Amino acid sequence: MTEYAAPRGTRDVLPSETPRWQYLESRFRGICALYGFGEIRTPTFEHTELFTRNLGETTDVVAKEMYTFESRSGRSLTLRPEGTAPTVRAYVQHNLGASLPVNKVYYVARIFRYERPQAGRYREHTQFGVEAFGSLDPALDAEVISFAARFFSAVGVEDFGLRLNTIGCPNCRPAHRQALVEFVGDKLSDLCAICADRFQRNPLRMLDCKEERCKAVLASAPMMVDYLCEECSEHFARVQSYLGEMGIAFTLDPKLVRGFDYYTKTAFEFVSGELGAQNAIGGGGRYDNLVEEIGGQPTPAIGFGLGLDRLILALDAMGVELSCEASGTVFVAGLGEAGHEAAVKVTFDLRGRGVSADMDYTGRSLKAQMKVADKLGARYVVLLGEDEIARGVATVRDMRTSEQESVPLSELAARLASA
Ligand code: HAM
């Protein structure tokens, strides 16, 4: 049967697992409402150029991880490998900037990257993301970061680490780039092949390499923080001061370079100690030039994306119980033909009154039906045997207390609806 297994790097989320996913999604939506983010839903695929032109040609995602295909008309399309560029595309296309000075949107989206699968790294994953357009105010950076921190605390991830950096802007970056290239100079042959390529095309990304030999060479490399222009420097100081006022702890990490080229100024990542190699549960930053690059008016912006799959792994590893149990269903156990017929009617009526109910369709014994009720976590079982039918009643069993009482069939739905 393996030929019909889900493709490598993808997973099924089964009904026993989805309550956790739904719970996290509803908490996320709740905090979005608290912060004034409205939901945006963009297509699962976009024109390929949106990504190739705007994420950075040399980024791993564009260079080797996109699911790209040709439509029947010969147009190149790509399953979204991230959520920011599509959101910016929609922002520009619908001229959202004209409606409000600051636009704040969020999404819950499936993301596709052809990566080598491993624990916490999938070829299809789900991201919760927020993007805020229209202001350079460092208070907005602090708002987005505080949003993320609040969400993590709300769902029980207390021990997350926040790594913070600034990667400057087109004014100050060239000087840093120059210094970095000069620093590496004759040490180039000590770097890995990927960094040798980055050296030519995108030196900043060398700082983020996980290879030990590259880390060793770059340990004392010039850092962006020492080359910031006045505006970037002032901005970064104020972001830190707002976070301080909000009581949000962070670690400055001058080597933090995010995986896309659109970032400017603030860059951050949330990490969990529970996750091993793939320890980033969320990350984001400013991208003050992307809206203009995608064809809109110059509009500064900031956002972040959170990996739901990794968040769930972290919560599991921490043994966090999420309060997402279903609110007790009713199981209707009919015995014999008359009992079965009555069960169909009772189940239908209960649902009509908004009571979650289910019944047996396999003609099982009472004992077997009680087992199913238990498995379903039923709060009450309604027993409809020959004796009950003859008396026009049902026996209602409270599964928590094991108490039983006889209830006239005509009152049953109303009684359980108010139980
Ligand atoms: P990213 O850091 O590439 O940023 O992804 C955000 C989060 O998605 C990561 O921190 C991680 O938790 C999760 N993630 C990424 N790849 C995988 C994978 N293969 N399997 C499981 N989880 C994964 C972005 O995508 C930016 N668009 C975030 C952003 C929004 N920046 C500004 N606004």
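In what follows, the structure referred to is the one given above.
Bear in mind that the values here come from a model prediction, so they are computed numbers and not experimental data.

Rules and cut-offs
- Sequence order as written defines the numbering, with residues in each chain counted from 1.
- In keeping with the model being predicted, local features are shown solely for residues with a pLDDT of at least 70 and side-chain atom pairs are shown and tallied solely at 80 or more, while totals for entire chains, interfaces and linings include all residues.
- Only hydrogens and water are set aside when side-chain values are computed; all heavy atoms of the structure are taken into account.
- Detection works on a 1 Å grid of protein atoms alone, calling trapped sets that fit a 1.4 Å probe cavities and calling open sets with protein on both sides within 12 Å along at least five of seven lines pockets, with lining residues defined by an atom within 4 Å of a point.
- Grid points are joined across faces, edges and corners, and a volume is the space filled by probe spheres set on the points.
- To qualify as a helix, a DSSP run of H or I must reach at least 4 residues; to qualify as a strand, a run of E must reach at least 2; elements of each kind are numbered from the N terminus.
- Here is the rule: rings of Phe, Tyr and Trp (six-membered ring for Trp) pair when centre to centre is within 6.5 Å. Planes less than 30 degrees apart are stacked, more than 60 are edge-to-face, and the remainder are tilted.
- Only protein chains enter the accessibility calculation, which uses a 1.4 Å probe. A residue is then buried if its area is under 20% of the maximum for its type, exposed if over 50%, and partly exposed in between.
- A positively charged side chain is recorded as over a ring if its NZ (Lys) or CZ (Arg) lies within 6 Å of the ring centre. The angle to the ring normal must also be within 35 degrees.
- Here the nonpolar core consists of buried residues drawn from Ala, Val, Leu, Ile, Met, Phe, Trp, Tyr and Cys, with membership extended through side-chain atoms lying within 4.5 Å.
- Contacts are residue-level and defined by heavy atoms, with any inter-residue pair within 4.5 Å sufficient.

**Student:** Help me understand the layout of surface pockets in this model?
**Tutor:** The rolling of a water-molecule-sized probe over the atoms marks out the regions of remaining empty space. Here the second largest pocket is characterised by a volume of approximately 450 Å³. Every residue lining the second largest pocket is counted, 26 residues in all, and those nearest its centre are Arg173, Asn202, Asp261, Tyr262 and Tyr263. Put simply, the parts of the chain that give the lining of the second largest pocket at least two residues each are helix H2 (48–54), helix H6 (173–184) and helix H10 (290–293). Among the elements that line the lining of the second largest pocket, the one with the most residues is H6, at five residues.

**Student:** Sorry if this is basic, but what is going on with the packing of aromatic side chains here?
**Tutor:** Both the distance between ring centres and the angle between the ring planes are used here to describe each pair of aromatic rings. Enumeration according to the criterion identifies 22 aromatic pairs in this entry. When the centroid spacing of 5.3 Å and the interplanar angle of 80° are considered together, the rings of Tyr35 and Phe147 count as edge-to-face. A residue pair is termed long-range when its members are at least 10 positions apart, and Tyr35 in helix H1 (residues 18–35) and Phe147 in helix H5 (residues 138–154) qualify at 112 residues. Both residues of the pair, Tyr35 and Phe147, count as buried. The ring of Phe183 has Lys187 sitting right over it, with the charged end atom 4.3 Å from the ring centre.

**Student:** What am I meant to see in the nonpolar core here?
**Tutor:** Generally speaking, a soluble globular protein has its nonpolar side chains buried in company with each other. Ranked by size, the top nonpolar core spans 44 residues in total, and within it Leu24, Phe152 and Leu311 carry the most contacts. Only H1, strand E6 (124–133), H5, strand E7 (161–166), helix H9 (230–245), strand E9 (264–271), strand E11 (301–307) and helix H11 (308–318) provide two or more residues apiece to this core. No other element matches the nine residues that H5 contributes to this core. Once you skip the residues sitting within four places of it in the chain, Leu24 turns out to touch Phe128, Phe151, Val155, Leu308, Leu311, Ile312, Leu315 and Leu322.

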